[in-house]
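Take a look at the letters that make up each chain.
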Amino acid sequence: MAGDGELKLLGMWTSAFVLRVRFVLNLKSLPYEFVEENLGDKSDLLLASNPVNKTVPVLLHAGRPVNESQVILQYIDEAWPDRPPAVLPSDPYERAVARFWAAYVDDKVRLAWLGILFRSETEEERAAAVAQADAALETLEGALRECSGGKPFFGGDGVGLVDVVLGGYLGWFTAIKKLIGRRMIDPARTPALAAWEDLFRATDAARGVLPDDADKMLEFRQTALALGASKKITL
Ligand SMILES: N[C@@H](CCC(=O)N[C@@H](CS)C(=O)NCC(=O)O)C(=O)O
C-alpha cells in the first residue's frame, strides 16, 4: 500500500512543524489536501487521529494517521522510495548525522523560539532566549559547513532533513525581527547560514507556503498566547 492512496494534512499555516511536512510534499510533488486546524477548537478528526498528543501536523495517508513531524518526514521518504529527492541520505552514517542535527534543531532552536515569543515575561528573560538562539545557530553554522561539504544545503546540493526542519522556523524568524528589531540569522554572525536562508526561501519547496507577513504572524502570536494562558494549547 506504500505510496498509494490520497493524502490529507491536518495543519496550521504558522507551524514550523507543519511547514516542514509541506516542504517535503512539495519537494516530491505529492498532491495533498491541506486542512487548517483551529487549535482553540480542534476538529474531531484531529482528536481521533492524534489522541495522544492532539497536535498538528497529522498526515492521513489513505485515512491512516501518521503523527509527529519528524516521523512523518521519514515516513514520506519510505512510503514513496521512487519519488525523488530523498530527504534522508542513503548512507546509514550520514542518515544518523542528519537525524542528530534535526533533533538538535527541535531541541535548542525550538526552546529559544518558545522563549523569545511565548515564554519570556521580562526583557531579561527574552535576552536570555535570544542568547540561546544565537548559540544554537552558531553551532548550526558549523554543522552546515560540515554536513554540506561546501555545498549550499545541509543535504548537499539539494534540500534534506535538516534543511526542512530548520526551514520551518524561517517564517517565525521574520516575525521575531519585526518584534525585537534583530535578525535571527545574521550574515555577520553566521554567514554560511545566512546564504543558506536566502537559497532555502527561494526553493520551490518553500515558496508559496513559508509565511512572510510578520504582522499576521505576530497577530497569530497574540491568539496563541491567549490559548496558552487558558491552557487550551501547550506553550
Ligand atoms: N513534536 C511535535 C510538535 C507539534 C506541535 O507542537 N504542534 C503545535 C502547533 S505548532 C500544536 O499542535 N499545538 C497544540 C497543542 O499544544 O495542543 C511535532 O514535531 O509534530
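Conventions we followed
- Residues numbered from 1 in each chain as written.
- Predicted model: local features only at pLDDT ≥ 70, side-chain atom pairs only at ≥ 80, totals over all residues.
- Heavy atoms only, no water.
- Helix = DSSP H or I, 4+ residues; strand = E, 2+ residues; numbered from the N terminus.
- Rg over C-alpha atoms; globule rule 2.2 N^0.38 Å.
- Contact = heavy atoms within 4.5 Å.
- Areas by Shrake-Rupley, 256 points an atom, 1.4 Å probe, with all protein chains shown as cover.
- Pairing = 2+ DSSP bridges.
- Axes fitted to C-alpha atoms, helices over the stretch in contact; angles between N-to-C directions.
- Core = buried A, V, L, I, M, F, W, Y, C linked by side-chain atoms within 4.5 Å.
- Buried < 20%, exposed > 50% of the residue type's maximum accessible area, 1.4 Å probe, protein only.
- Domains from an automatic or database assignment.
- Near = heavy atom within 4 Å.
- Polar contact = N/O pair within 3.5 Å; in protein donor to acceptor, adjacent residues only side chain to side chain.
- Nonpolar A, V, L, I, M, F, W, Y, C, P; charged D, E, K, R; others polar.
- Phe/Tyr/Trp six-rings, centres within 6.5 Å; stacked < 30°, edge-to-face > 60°.
- pLDDT = per-residue confidence, 0-100.
- UniProt positions renumbered as here; feature names shortened; annotations may be inferred.

## Examining the overall build of the protein chain
And then number 1: From N to C terminus, the protein chain includes 9 helices and 4 strands.
And then number 2: Seen in sequence order, the protein chain has helices and strands lined up from the N terminus as β-α-β-α-β-β-α-α-α-α-α-α-α.
And then number 3: Its C-alpha atoms give the protein chain a radius of gyration of 17 Å, near enough to 18 Å, the size a compact globule of 235 residues would have.
And then number 4: Sequence separation of 24 or more characterises 68% of the internal contacts of the protein chain that already satisfy a separation of 6 or more.
And then number 5: When the accessible area of the protein chain is evaluated, it comes to approximately 11,200 Å², of which 53% is carbon and sulfur surface.

## Regarding the sheet that holds strand 1 (residues 7-11)
And then number 1: Here 4 strands make up an open sheet; going across it, the order is 2-1-3-4 and the pairing mixed. With one partner strand each, in any of the chains shown, strand 2 (33-36) and strand 4 (64-67) form the two edges of the open sheet. Looking at each pair of strands side by side, their axes are set apart by 25 degrees on average, direction ignored.
And then number 2: Where strand 3 (residues 58-61) meets strand 4, 4 bridges bridge the pair, whose relative direction is antiparallel. Its bridge partner being in strand 4, V58 is matched across the sheet by N67.
And then number 3: Sitting on the sheet, helix 1 (residues 16-27) is in contact with strand 1, strand 2 and strand 3, with an inclination near 155 degrees to strand 1.
And then number 4: Where helix 3 (residues 69-79) meets the sheet, its contacts fall on strand 3 and strand 4, and the angle it forms with strand 4 comes to roughly 120 degrees.

## Observations regarding the nonpolar core
And then number 1: If you look at the biggest cluster of nonpolar residues, it comprises 78 residues, and the most contacted ones within it are F23, L25, I76, L140, L193 and W196.
And then number 2: With 12 residues, the single largest contributor to this core is helix 4 (residues 92-119).
And then number 3: A domain-level breakdown of this core finds at least three residues from each of domain 1 (5-77) and domain 2 (90-216).

## Re the site of the ligand
And then number 1: The full set close to the ligand counts 13 residues, and K42, V56, E68, S69 and T234 are the nearest of them.
And then number 2: Within the backbone of V56, one N or O atom sits 2.9 Å away from an oxygen atom of the ligand.
And then number 3: In the model, an oxygen atom of the ligand is placed 2.6 Å from a nitrogen or oxygen of the S69 side chain.
And then number 4: Contact with the protein chains hides 81% of the accessible area of the ligand, taken as 510 Å² for the molecule alone.
And then number 5: Along the lines of polarity and charge, the residues of the shell around the ligand split into 6 nonpolar, 4 polar and 3 charged.

## Section: the packing of aromatic side chains
And then number 1: Per the stated rule, a full pass over the model turns up 14 aromatic pairs.
And then number 2: Judged by centre distance (4.9 Å) and plane angle (85 degrees), the rings of F100 and W101 are edge-to-face.
And then number 3: Classification of W101 as buried rests on a relative accessible area of 14%.
And then number 4: Between W101 and Y104 the ring centres are 5.2 Å apart and the planes differ by 75 degrees, which places this aromatic pair in the edge-to-face class. Taken together, the positions of W101 and Y104, both in helix 4 and 3 residues apart, correspond to about one turn of that helix. Of the two residues, W101 and Y104, both sit in the buried class.
And then number 5: Taken together, the ring pairs connect W13, F17, W113, F118, Y169, W172 and F220 into an aromatic cluster.

## Points about the pairing of strand 3
And then number 1: Of the two faces of strand 3, the one lined by V58 and L60 and the one lined by L59 and H61 are each fully buried.
And then number 2: The loop that links strand 3 with its antiparallel partner strand 4 comprises 2 residues; one of these, A62, has a positive phi angle of about 50 degrees.

## Some words on the confidence of the model for the protein chain
And then number 1: Per-chain confidence: the protein chain averages 96 in pLDDT, with 99% of residues scoring 70 or above.
And then number 2: Of the two predicted TM-score estimates for the complex, the pTM is 0.97 and the ipTM is 0.99.

## Here's the deal with the UniProt feature "domain: GST C-terminal" (unreviewed entry) in the protein chain
And then number 1: Mapped onto the present numbering, the UniProt feature "domain: GST C-terminal" (unreviewed entry) falls on residues 91-225.
And then number 2: Within the segment residues 91-225, helix and strand shares are 70% and 0% respectively, and the terminal C-alpha atoms sit 42 Å apart.

## Considering unusual backbone geometry
And then number 1: Here the residue pair V56 and P57 is connected by a cis peptide bond, since its omega of 5 degrees sits within 30 degrees of zero.
And then number 2: Within the secondary structure, P57 sits in the loop between helix 2 (44-49) and strand 3.
And then number 3: Cis geometry marks the peptide bond from P84 to P85; its omega dihedral reads 0 degrees.
And then number 4: The topology assignment puts P85 in the loop between helix 3 and helix 4.
And then number 5: The residue K54 is not glycine, and still its phi comes out positive at about 55 degrees.
And then number 6: Here K54 shows up in the loop between helix 2 and strand 3.

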